[in-house]
2 protein chains.
Amino acid sequence: MSYLKEKILKDGIVLNNDVLKVDSFLNHQIDPTVMKESSNEFIEYFKDKEITKVMTIEASGIAPAIRVASQLDVPMLFAKKTEPSTLSNEDQYETNVHSFTKNKTSRVLVSKKYLAPDDKVLIIDDFLANGEAALGLIDLVEQAEAEVAGVGICVEKSFQPGRAKLEEKGIDIFSICRIASLENNAVTFVEEATANEEY
Amino acid sequence: MSYLKEKILKDGIVLNNDVLKVDSFLNHQIDPTVMKESSNEFIEYFKDKEITKVMTIEASGIAPAIRVASQLDVPMLFAKKTEPSTLSNEDQYETNVHSFTKNKTSRVLVSKKYLAPDDKVLIIDDFLANGEAALGLIDLVEQAEAEVAGVGICVEKSFQPGRAKLEEKGIDIFSICRIASLENNAVTFVEEATANEEY
């Protein structure tokens, strides 16, 4: 079992059927071993993809993304969230990302200077739920006519539609933890749910 | 000369007498070698301080902070910026941080769970200018009755008052690059400015 899964079972807090709180080790306080082990898993999965850049969105994607970028020895680029009202700027690629958790739409920007058509971009984020952040990042990469080499996720809520939306676009997704359900105040991972169905 | 200084001389863009743009390697796109070499310098300076936690503020402090925390094998905690209007929460320490660049005051929060009186906290940030972010983080650490072991900064604008404000509080500050001036469209580091005065 991956270290992140063990940590989720030990320290994750199921707030309700939709929300898993992991702020003691993943997105507020960050555990160095979770970062190290997660990065190793991402590298193992994506190592043959000739990644030229790792990309994420501020703020909680930055820690896992910089670790992966450092191990691959490529630059990391984080997209910035800003107010929808800010003036457009022709030096930037822009997209909108809606957060269902915060019920808020952010404008998300990257400088055109840092994405080129020959880039093979690995997108890393802490969570995949409705897929809005990942789809926004993919949109930015596609505006630059660069290639999305894959999407690496720490915690996927597989009972929400994010993965299906990315698969529809033909994206290669690797999630360290796939959560099938948070019902009955417990975390059930996808493998276990499948195993239970089989027996 | 540190790798970060070389990178500033090579790729930093002096926008005006106050603003140095480093978004190609430090706070938008992030260079893995800058992170590695900077982290090594922070560790070398603070290695005997028995650090138990590295702390920063989202978003651009996260990359250097997580690298230092990983090398020290301690948790990293990043303070979150939020709107001043959000309701207070007794589970959080709060402070206000004013950004002169953005002309905006943010409420900055950390969960009380992740700072304890026996913590020795190393604060890491990408920039030190007016000192507002560092002072806000110090305030949060002090609210928890924990100890500020030091402040590590990638780029200090030494012609602005941040360092003096921290020194007044008796804080141990280590900045990888100390910029004496951005005048005449050029970066002058403090050592050079001092050397020029001496000869």
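Just so we're clear, the structure is a prediction, and the values are computed from it rather than from any experiment.

About the criteria used
- Residues numbered from 1 in each chain as written.
- Chains lettered and ligands numbered in written order.
- Predicted model: local features only at pLDDT ≥ 70, side-chain atom pairs only at ≥ 80, totals over all residues.
- Heavy atoms only, no water.
- Axes fitted to C-alpha atoms, helices over the stretch in contact; angles between N-to-C directions.
- Helix = DSSP H or I, 4+ residues; strand = E, 2+ residues; numbered from the N terminus.
- Contact = heavy atoms within 4.5 Å.
- Nonpolar A, V, L, I, M, F, W, Y, C, P; charged D, E, K, R; others polar.
- pLDDT = per-residue confidence, 0-100.
- Expected span 1.5 Å × (residues − 1).
- Buried < 20%, exposed > 50% of the residue type's maximum accessible area, 1.4 Å probe, protein only.
- Buried area = accessible area lost by both parts, 1.4 Å probe.
- Salt bridge = Lys/Arg side-chain N within 4 Å of Asp/Glu carboxyl O.
- Polar contact = N/O pair within 3.5 Å; in protein donor to acceptor, adjacent residues only side chain to side chain.

Observations regarding the packing of helix α1 (residues 3-11) of chain B against helix α2 (residues 32-46) of chain B
Residue and element names in this part refer to chain B. It is at 8 Å that the axes of α1 and α2 come closest, and there the two elements cross at 140°. Listed contacts from α2 to Tyr3, Leu4 and Lys7 of α1 are Thr33, Val34, Glu37 and Ser38. Per-class residue counts for the contact of α1 with α2 are three nonpolar, two polar and two charged.

Section: the confidence of the model for chain A
Chain-level pLDDT for chain A is 94 on average; 96% of the residues reach the 70-or-more range. Prediction confidence for the complex, expressed as pTM and ipTM, is 0.95 and 0.94 respectively.

Looking at helix α4 (residues 132-143) of chain B
Residues and elements named next belong to chain B. Relative to the 16 Å expected for twelve residues at 1.5 Å per residue, α4 spans 16 Å between its end C-alpha atoms, a close match to the ideal helical length. Within α4, burial applies to Ala133, Ala134, Gly136, Leu137, Ile138, Leu140 and Val141. Glutamate 145 sits one or two positions beyond α4 and adopts a positive phi of about 60°.

A look at the interface of chain B and chain A
Between chain B and chain A, the residue contacts involve 33 residues of the former and 33 residues of the latter. Taken together, both faces of the contact between chain B and chain A bury some 2500 Å²; the carbon and sulfur share is 59%. Of all residues in chain B, the largest losses of buried area upon contact with chain A belong to His28, Gln29 and Tyr114 of chain B, amounting jointly to 26% of the total for that side. For the interface between chain B and chain A, the tally reads zero salt bridges. Seen at the junction of chain B and chain A, the total is 14 residue pairs in polar contact (both at pLDDT 80 or more). Elements represented by at least two residues in the side of chain B that touches chain A include exactly β3 (29-30), α2, α3 (62-72), β5 (76-82) and β7 (104-111) of chain B. Per-element accounting of the side of chain B that touches chain A gives the leading share, six residues, to α3 of chain B. A breakdown of the residues in the side of chain B that touches chain A according to their chemical character gives 17 nonpolar, eight polar and eight charged.

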